Structure formats: C-alpha cells, structure tokens
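# Structural overview for review
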Amino acid sequence: RTIEQLITQNALLSPERLEAVKIEAAKANKTLLEYMVDSKLITDDDATKLIASSSNIPYVDLTNLSISNEILSLIPKEDALANVSVAFELKDGRLSVAMVDPQNLQAIDFISRKTGYPVNPFMSSTAQIESWINRYQSSIGTEVEEALGQEDVKKDEAKLEHFGKTDSKKLESIIQDAPITRALNSILEYAINSHASDIHIEPRETELKIRFRVDGVLQEVMTLPKTTEPALISRIKILSNLKIDEHRIPQDGQAQYRVGGKEVDLRIAIAPISFGEQVVIRLLDKSDGLLTLASLGLRGRSYELIKKGMSRPHGMILSTGPTGSGKSTTLYAVIQEIMTPKINIVTLEDPVEYKMNGVNQIQVNSEVGLTFASGLRSILRQDPNVIMVGEIRDHETADLAVQSALTGHMVLSTLHTNSASGVLPRMLDMKIEPYLIASTINTCIGQRLVRQVCEKCRKGYSASEAAVKMINKIIGDIMPKNEQEAAAKAKDLGYDHLPIYSQTAYTLYKGEGCSECQDGYKGRTGIYEVFEMNGSIEKLLLNQATTSAIQHQAQADGMITMQQDGLLKVLNGVTTLEEVARVASD
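For clarity, every value in this text was computed on a predicted model and none was experimentally measured. (Residues numbered from 1 in each chain as written. Predicted model: local features only at pLDDT ≥ 70, side-chain atom pairs only at ≥ 80, totals over all residues. Heavy atoms only, no water.)

### Considering the nonpolar core
What counts here: The nonpolar core is taken to be a set of buried Ala, Val, Leu, Ile, Met, Phe, Trp, Tyr and Cys residues, with the residues joined through side-chain atoms within 4.5 Å. Accessibility here uses a 1.4 Å probe with only protein chains present; expressed as a share of the type maximum, an area under 20% marks a residue as buried, one over 50% as exposed, and anything in between as partly exposed. The helix count covers DSSP runs of H or I at least four residues long, the strand count covers runs of E at least two residues long, and both are numbered beginning at the N terminus. We call two residues in contact whenever any of their non-hydrogen atoms come within 4.5 Å of each other.
Counting 39 residues, the largest nonpolar core has Met316, Leu424, Met427, Ile441 and Phe531 as its most contacted members. If one sorts the elements of this core by residue count, helix H17 (residues 395–406) sits on top with five residues. Once residues lying within four places of it in the same chain are set aside, the contact partners of Met427 are Met316, Val402, Leu415, Ile432, Ile437 and Ile441. Residues Ile201, Leu224, Ile233 and Ile270 belong to the second largest nonpolar core, which totals 30 residues.

Put into structure tokens, the structure is as follows:
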C-alpha cells in the first residue's frame, strides 16, 4: 500500500483534502509527509508509522517501554548516535534494535558485529530514539566522576594557571586532553540533550553545585568536590576567551559548542561571590529555529490584535514581562511574519540571541559607547522600515523610540513591567508626554511562560471543588453556558473546543512522567494578555490613570487576562493549575 492509500485508510485526511495538501506540499517544495508534519496535520511518530507500514517494516513505539541500562549499553553511545539506533530487547539470542533507517544493511551488519548478536531491525522516529540515547547514563554524575581524577584536576589547575600567562599554544594542547575538559563537555552535552536553557555552576563552602534550568525551572543535577572548582572555572574562561587570572570582577563572554551535529551558542557570565566564582551559561540552540505567533500559544482575540498592530505601517508594539518570559521571542516571531525583501528591518539587541537571515542585527556594546540610545540614532540614518529595540530602559531611548514611531517607522521593543496595562504608566514615568504615547503605541502585550503537560503521559482527572470555584470565579463569565454557545465561544477564543460552564465538575490534565518527560511536563508555551490603544484608553492616559484603571478598561473592552488565558489552556489540557498559579497568581 502506498502512503497516500494509508493516509485515507487511516482517516488522517479525506481524499479531497489529501489532493489539496499534495498541491500545497509541491508549492512548498516538500514531500507530502514533510509538509503534513510541518503543518501539524500529523505527528512525526504518525509519519514514521506510515513509512514503516508502506515498507512492510515493523514499527516500535519506544515511549512507554522500559529499557535497562544493560540492554542500552550493548550498542555504545557513540555508535547509537552515529547510526541513530537504540537496542530495546534481547530475546532468544536476537537483539531488537529501533532504527530511523532499518533498511541500512551496512548499519545493521555493523551493529551485529559490534554486539555479537543477530539484529531484528524495527523502525522508530528520530525523537523517540534520541530520547533513549540521552538517557544512557543513570546520572550525569557517573560520566563526570569517570572523567575526573582528583590528582589530575589539581595538575590541570596548576598547568592552566601557568600556561594561561605564558604560552597559549602549550595551553591549547593541555586543555584538549585534560580530565576537566572531558567533565565540562559531559555537563554541556547533558544540558543540551535535556533542553536546558541555562547551566548554573555555584560554589558553596565545601562543594560545587551544578543546576540546570529546564522549562523555566531550576533543578539540581549534581554536586562536585570543591577541589574541582578552580580548574572547571578556568576551563570555562579559556573556552570564552576571558582572563583566567582575574577573580575580583565580573566577566562576560561567549563561545560555540557542537554536539550531535547541532551548533549551540554559549553566553557566559562569571561573577565573584562569597565562596568563589559563580558561572551562568545561557544555551542558545541554533537548530531550534524561530517560532510563529500561533506556535507560541497566542489564540483568539489576542492573536488578532497583534496581527492588526503588525499590519499598520508605523507605531509601536511593546511586549512586557519579567526576565525570561519570552518577550524577545515574541518580537522575533512578529519580525518573522512581516519580513519581506521589500522592507528594511534593523534590530538593536543586547545580546543578539538569534541570527535571522534578511534582518540587519546590531549588538549593543556600551564599552565603546554603542548603547540603545546611540544605536537608535544611528539606525534612523539607515533608512529602516521596521526597528526592533531590545529594551526601553530610560527616557532617552523611550523618546527616540516614540519619535521613530511618529516619523513613519514601526517600532518593536520590550519593557519590564508586570502586566500589559503597566506599559502606559511606565512610559509616563520615563517622562514621555501622554499625547505622544496615545498617538504612537498600537499594541501592548503582557506575557509569561508556563510548562506544558507532556502529551505522551497526559491523564485526565476531576477537578476538586475548590478548583471548580476558582475557575468559575476567574473565567466563568467567558465560558459557554450551553452547546449552542460552545462552538462560537471556542472559535472566538481560538480553541478547538471548550467545556460547558459547570458548578460541579471540570476535567483537568496532568502528566504522570515517562521516558519523554520524566516529571510530567515537556516544553513551554505562553500565556498572554493583549490590548490595543483606543479612545477609552486614550482618555485614561491623558488623565494619567493608574495601572489598575487601565487594566479594568482593557478588560471592559474585551481583553483576556494572562490568568484567564492560562485557565483556558488548563481546561484544554495544555498546562496545569499549578503552573498558572506559579507565574500568574494575580
């Protein structure tokens, strides 16, 4: 059976829709399955099943399997990565192996000779196989401890300090084979494979703590002996071209690291603290690509207001929230949607987090006088249509941004306030005239990031009486009251469906923990509140109204608050009550 026959037989698409999708795939210069996966018509696992079925190859779902370390280790990690394969069962003297390409006879023969067992090849998706490859070791500590030897580390430290001051070539040869280098590589690889956004290396009085930030939450992954601290910090400084003999002042640097064919940018910040030097490494995976507004979690009216603001040729779109709430990512998504060869887009960032083809990106460098304010003056002489300013921090930058918007430019920027309604009072605080704010700001966005429930192990449960009361108090008035309202409300709010208002029961969801996620969460999404400048808000602004007054008016105009957006996502199984309470309790 062909893949097209299987698609219709499995009711993935109707014959009419299939023909339309084939045309769309051809226009996008993609295969049918590639286009369907990219368009989220099917999952990557669905595509793998279709290929396996059409090729008469057995398919295996590794998600809910329990594979022992003994079976996994039959294929060494390096070979598993090279052949994108994982052993999952040894039965009757034959080794069952999940592979992305089970028709690769050369790879099957290699694995058979390496393990000493005849191989039964199965097909599985790349994501499932890589998930198990990343779990080869029971803990990162095992790998690091094997790489480190106490005497070797002390010798490393002495050599690094000495040759760092005298002979750069000798230093380079030492660090390539040093145990501390292998230990740092293990930490970096484990963090990248765990999809961590940051690595924290924190000296304590008698030990060295290593923590990763995964999906916005810090988790401790290991503790190293205090004796490893000097050599590890020195190795990181060498990697990022910092001074290894400077321990008194903060230092910032950057580096690149390649693992598994992926190139990851490292942003490194080192600061002296009570018990040594703390290091925070920000990981920016270049292979992740940029997200669209829809994939960021924007729905319904919020999404439409941002699209409306983007369609205007001038004015400001401002995104607000605390550090790490995804503000810059939202602005990148806006740029992605408006970018064409017909307009000139210039950005001023600190730092440039994602490099975008077709966009002129400038890195702020205050040491040489290139600040947001001075850079913005320069940008205005470069004939831009769209300007993105990483952050508006002071009156000078705010004033230049407003003047830019007044003179026919679209300006995108971020502010640090707690809510979308806090944008306007913050601009007033920076001494911008109310009438200028009213005539330049198009759209204000408030946002937070919440962890998503893992789709593989998600289970439904009945909400408690207290949870039902809380949900009804916050979103009861916007929920459908009967079946007739349900479809219209769901469409208006941007969801496939919404439950009917109830005073007694709602079904909520949580992850139980599996090989894909371990703690029931996988990935993050945004919760948003968005309003546009209109006559009623302009009046409040001209009277220098408070944040709460603007908030009440925006809600009266139809704004869905972050907390309401979060609870709608809870009812749709996207996240949990605990996550919404963690980031948007007010």
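### Here's the deal with empty space enclosed by the protein
One way to see where empty space is left: roll a probe the size of a water molecule over the atoms. Going by this rule: With a 1 Å grid laid over protein atoms only, a set of points is called a cavity when a 1.4 Å probe fits there but cannot get out and a pocket when it is open yet has protein on both sides within 12 Å along at least five of seven lines; lining residues have an atom within 4 Å of a point. Grid points are joined across faces, edges and corners, and a volume is the space filled by probe spheres set on the points. All residues other than Ala, Val, Leu, Ile, Met, Phe, Trp, Tyr, Cys, Pro, Asp, Glu, Lys and Arg, Gly among them, are scored as polar; the first ten of these are nonpolar and the last four charged.
As enumerated under the stated definition, the model contains three cavities of 30 Å³ or more in all. Quantified by volume, the largest cavity comes out at close to 80 Å³. Taken together, 14 residues make up the lining of the largest cavity; nearest its centre are Arg299, Ser302, Leu493, Ile560 and Asp565. For the lining of the largest cavity, the secondary structure elements donating two or more residues are helix H14 (300–311), helix H21 (483–493) and helix H24 (562–571). In terms of residue class, the lining of the largest cavity is made up of six nonpolar, three polar and five charged.

### Regarding the sheet that holds strand S14 (residues 410–415)
The condition that has to hold: Any two strands with at least two DSSP bridges between them are considered paired. Note on method: axes are straight lines fitted to C-alpha atoms, helices fitted across the in-contact stretch only, with angles between N-to-C directions ranging 0 to 180 degrees.
Pairing is mixed in the open sheet, where seven strands are placed in the order S12-S11-S13-S14-S10-S15-S18. One side of each edge strand has no neighbouring strand; the edge strands of this open sheet are strand S12 (360–363) and strand S18 (521–532). The average undirected angle you get between the axes of adjacent strands in this sheet is 20°. Here ten bridges tie strand S15 (residues 441–453) to S18, and the two strands are oriented antiparallel to one another.

### Side note on H21
One full turn of an α-helix is made of 3.6 residues, so residues set three or four places apart face in the same direction. Just so we agree on the cut-off: To obtain the arc, one takes the directions from the helix axis to the C-beta atoms.
The complete set of buried residues in H21 reads Ala486, Ala490 and Leu493. Considered in projection along H21, the buried side chains sweep an arc of 75° and stay on one side of the axis. Residues of H21 that are exposed and point over 90 degrees away from its buried face: Gln484, Ala487, Ala488, Lys491 and Asp492. Looking at the buried residues of H21, the elements they touch are H14 and H24. Gly494 occupies a position one or two residues after H21 and carries a positive phi of about 85°.

### Notes on the sheet that holds strand S2 (residues 94–99)
Strand order in this open sheet of three strands is S1-S2-S3, and the pairing throughout is mixed. Of all strands in the sheet, those bounded by a partner on one side alone are strand S1 (85–91) and strand S3 (119–123). Direction aside, neighbouring strands of the sheet carry axes that sit 25° apart on average. Both S1 and S2 contribute to a ladder of six bridges, which runs antiparallel. Considered in S2, the bridge of Ser85 is made with Met99. The strands touched by helix H7 (residues 105–115) within the sheet are S1, S2 and S3, with S2 carrying the most contacts at an inclination of about 135°. Helix-sheet contacts for helix H8 (residues 126–133) involve S1 and S2, and the interaxial angle to S1 is about 75°.

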